[in-house]
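Here is what each chain is made of, one letter per residue.
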Amino acid sequence: MSTTILLILLFAAICHAIWNALSKRIEERDAFFTLILGASVILYLPLAIYLWRTSSFPVSAIKWLLLSTISEVMYFVALAKAYQTNNLSYAYPILRGTAPIVTTIISTLFIGAAIAWTGYLGILIIVAGVVFMNQRSFSFGELSHLLKDWHNMKWVFMAGSCSALSSVLDGMGASMMSGLLFKYVVFIGMFAGKWILDRRAQAGVSYFSLLKRHPWHTLAGGLFVFVSNSLAVYAMQTTPVTYVASVREISIVFATVIGVFWLKESVSLVKWVSIGLILTGVIVIKMS
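Only a predicted model underlies this, so the values are computations on that prediction, with no experimental measurement involved.

So, about the UniProt feature "transmembrane region" (unreviewed entry) in the protein. The UniProt entry lists residues 33-52, 64-84, 104-134, 180-197, 218-237, 243-262 and 269-287 under the feature "transmembrane region" (unreviewed entry), expressed in the numbering used here. Each end of residues 180-197 is marked by a C-alpha atom, and these two atoms are 25 Å apart; helix forms 100% of the span and strand 0%.

Applying the stated criterion to the full structure yields four aromatic pairs. Ring plane angle 35° and centroid distance 4.5 Å describe the contact between Tyr44 and Phe226, whose orientation is recorded as tilted. Here Tyr44, found in the loop between helix H2 (29-43) and helix H3 (45-54), pairs with Phe226, found in helix H11 (residues 215-235); they are 182 residues apart in sequence, far enough to count as distant. For the residue pair Tyr44 and Phe226, the accessibility class agrees, reading buried in each case. Both rings, one in Phe187 and one in Phe226, keep their centres 5.2 Å apart while their planes meet at 85°; by these two values the pair is edge-to-face. Residue Phe187 is located in helix H9 (residues 179-201), and its partner Phe226 is located in helix H11; the two are separated by 39 residues in the primary sequence. Each of the two residues, Phe187 as well as Phe226, counts as buried. Here the aromatic cluster, defined as three or more aromatic residues joined through ring pairs, consists of Tyr44, Tyr184, Phe187 and Phe226.

Our next topic: the pattern of salt bridges. Close approach of charged atoms allows side chains with opposite charge to pair. Within the structure shown, the criterion is met by three salt bridges. A salt bridge links Lys183 to Glu72; the shortest N-O distance between them is 2.8 Å. In this pair, Lys183 is assigned in helix H9 and Glu72 in helix H4 (residues 62-85), connecting sequence segments 111 residues apart. The residues Lys183 and Glu72 share a single accessibility class, namely buried. Its salt-bridge partner being Asp170, residue Lys183 comes within 2.7 Å of it at the nearest N-O pair. Of this pair, Lys183 sits in helix H9 while Asp170 sits in helix H8 (residues 150-174); the two residues are 13 residues apart in sequence, bridging distant segments of the chain. By the burial criterion, Lys183 is buried, and Asp170 matches it. Overlapping salt bridges bring together Glu72, Asp170 and Lys183 as one network.

Our next topic: the nonpolar core. Among the nonpolar cores identified, the biggest contains 69 residues, and Met1, Leu9, Tyr75, Phe187, Val247 and Ile285 are the most heavily contacted of them. Of all the elements, helix H1 (residues 3-23) adds the most residues to this core, at eight residues. In contact with Leu9, not counting residues within four places along its chain, are Met1, Ala232, Ala235, Val244, Val247 and Arg248.

Time to look at the environment of Met172. With respect to the helices and strands, the residue Met172 is situated in helix H8. Taking C-alpha positions, Met172 is 9.2 Å from Val241, a pair spaced 69 residues apart along the chain.

Right, let's talk about the environment of Gly189 for a bit. As for its position among the elements, Gly189 is in helix H9. C-alpha of Gly189 to C-alpha of Val41: the two residues are 148 residues apart in sequence and 9.9 Å apart in space. Aside from chain neighbours lying at most four places away, what touches Gly189 is Thr69 and Val73.

Another aspect to go through is the side chain of Ser230. In this structure, Ser230 sits in helix H11. Residue Ser230 is classed as buried on the basis of its relative accessible area, which comes to 3%. With sequence-adjacent residues up to four places away left out, Ser230 is seen in contact with Leu180 and Lys183.

With that settled, the discussion passes to the confidence of the model for the protein. Averaged over all residues, the pLDDT of the protein is 80; the fraction at 70 or higher stands at 83%. Across the protein, element-level confidence peaks in H3 with a mean pLDDT of 92 and bottoms out in helix H7 (residues 140-148) with 60.

Moving on, we get to the packing of H2 against H9. Running from amino to carboxyl end, H2 crosses H9 at an angle of 145°, the nearest separation of the two axes being 9 Å. Considering how the two elements wind past one another, H2 and H9 form a crossing that is left-handed. Along the contact surface, H2 presents Asp30, Ala31, Phe33, Thr34, Leu37, Gly38, Ser40 and Val41, while H9 presents Tyr184, Phe187, Ile188, Met190, Phe191, Lys194, Trp195 and Asp198. Considered class by class, the residues forming the contact of H2 with H9 number ten nonpolar, three polar and three charged.

Rules used in this analysis
For every chain, the first residue of the written sequence is number 1, and numbering continues from 1 along that sequence. For this predicted model, a pLDDT threshold of at least 70 governs which residues receive local features, and a threshold of 80 or more governs which side-chain atom pairs are given and counted, while totals over whole chains, interfaces and linings are taken from all residues. Heavy atoms from the whole structure form the basis of all side-chain values; hydrogens and water molecules are not counted. UniProt positions are given in the numbering used here, feature names are shortened, and annotations may be inferred rather than shown by experiment. Think of it this way: any DSSP run of H or I at least four residues long counts as a helix, any run of E at least two long counts as a strand, and we number them from the N terminus. Pairing of aromatic rings covers Phe, Tyr and Trp, the last through its six-membered ring, and needs centres within 6.5 Å; plane angles under 30 degrees mean stacked, over 60 mean edge-to-face, and all others mean tilted. Three exposure classes are used, based on accessible area relative to the maximum for each residue type with a 1.4 Å probe and protein chains only: buried under 20%, partly exposed in between, and exposed over 50%. Any carboxyl oxygen of Asp or Glu that lies within 4 Å of a side-chain nitrogen of Lys or Arg is treated as forming a salt bridge with it. In this description, a nonpolar core means a group of buried Ala, Val, Leu, Ile, Met, Phe, Trp, Tyr and Cys residues linked to one another through side-chain atoms lying within 4.5 Å. Any two residues having at least one pair of non-hydrogen atoms within 4.5 Å are treated as being in contact. Every residue gets a pLDDT, meaning the predictor's confidence in that residue, from 0 to 100. Simply put, an axis is a line fit to the C-alpha atoms, just over the touching stretch for a helix, and the angle between two N-to-C directions goes from 0 to 180 degrees. Less than a right angle of anticlockwise turn of the near helix away from the far helix marks a crossing as left-handed, whereas a clockwise turn marks it as right-handed. Each residue gets one label: Ala, Val, Leu, Ile, Met, Phe, Trp, Tyr, Cys and Pro are nonpolar, Asp, Glu, Lys and Arg are charged, and the others, such as Gly, are polar.

Following this line, the structure appears as C-alpha cells:
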C-alpha cells in the first residue's frame, strides 16, 4: 500500500469518526442517517455533474451500481434488526470485525486478489483489535457467549457481511469508472432505499424538523459521510479492496480519541491495547 493511499484512508477514517460522533448526540439517530445521506446527495451534486461531464460512465458498471446499492440497503435493514435484539457495545465490534474477514474471503476466492502473507497477518491483527475493542477483558469466553446466541447475532453477522459485499462491489465498479462518481450514484440509491425503509417503519420523525434543530450537524454529517465512503472507493482503484476494508477500521481509533476529548468518555485498558493492535495491523499492511 502506497503512502498516498494510506494518508487518503486515514483522512477518510477521520471523516467517518466525525460523522459517527455527531450522530451520537442525536436522539433520532436512524432518521438522522437518512437526513445526512440526502444532504450528501445535494451537497455533492456539483461535483457529480463535473465528473459526469469529464469522465466516462460505462454501461457495464450499471450492474455493480445496482448490486452495491442493494447491498447497502440490506446493510441498513440488517443493522436495524441487529440493534433491536442486541446491545450496541457487544454487537458493534462483531459487526466491524466480520467485514474485513468476509471481504478477504470474497476477494480471494471469487476475484482472485493477490495478497501477501504479511497482508493476511495485518488483517488478522486489525480484526483482533476490533473484536476486543468493547470487551471487558481479553477473554474468548465473552466472544463465545455472543456466538452461542445465534438467533439474535445472525443479524449482526448479516450486517457485517453486507458491508463487506458492498466494499467488493464498490471495488468492481471503481475499476471501470471514476470511484467518486460511482459512489455518488450509489448514495442516491442508498438515500432512496433508506427513506423507503423509514416510511415502512413509520418512524414518524420529520426530517425538516430534525434539520431545523440540528442544521450544523446535518451539514457536517452530509459532508463527511460521503467523503469517508467515496475516498475508500477511490483507494480501491489502485489498492486491493481487502486492504482498504481493513485499514478503514482505524476509524474506530479516531472515534475513541474523539470520544475521550469531546464526549468525555472513559477508555479501559483493554480498549487501549485494542487500539494498539489496530495500529499495528495497519503498519503491517502498509509494509506488505
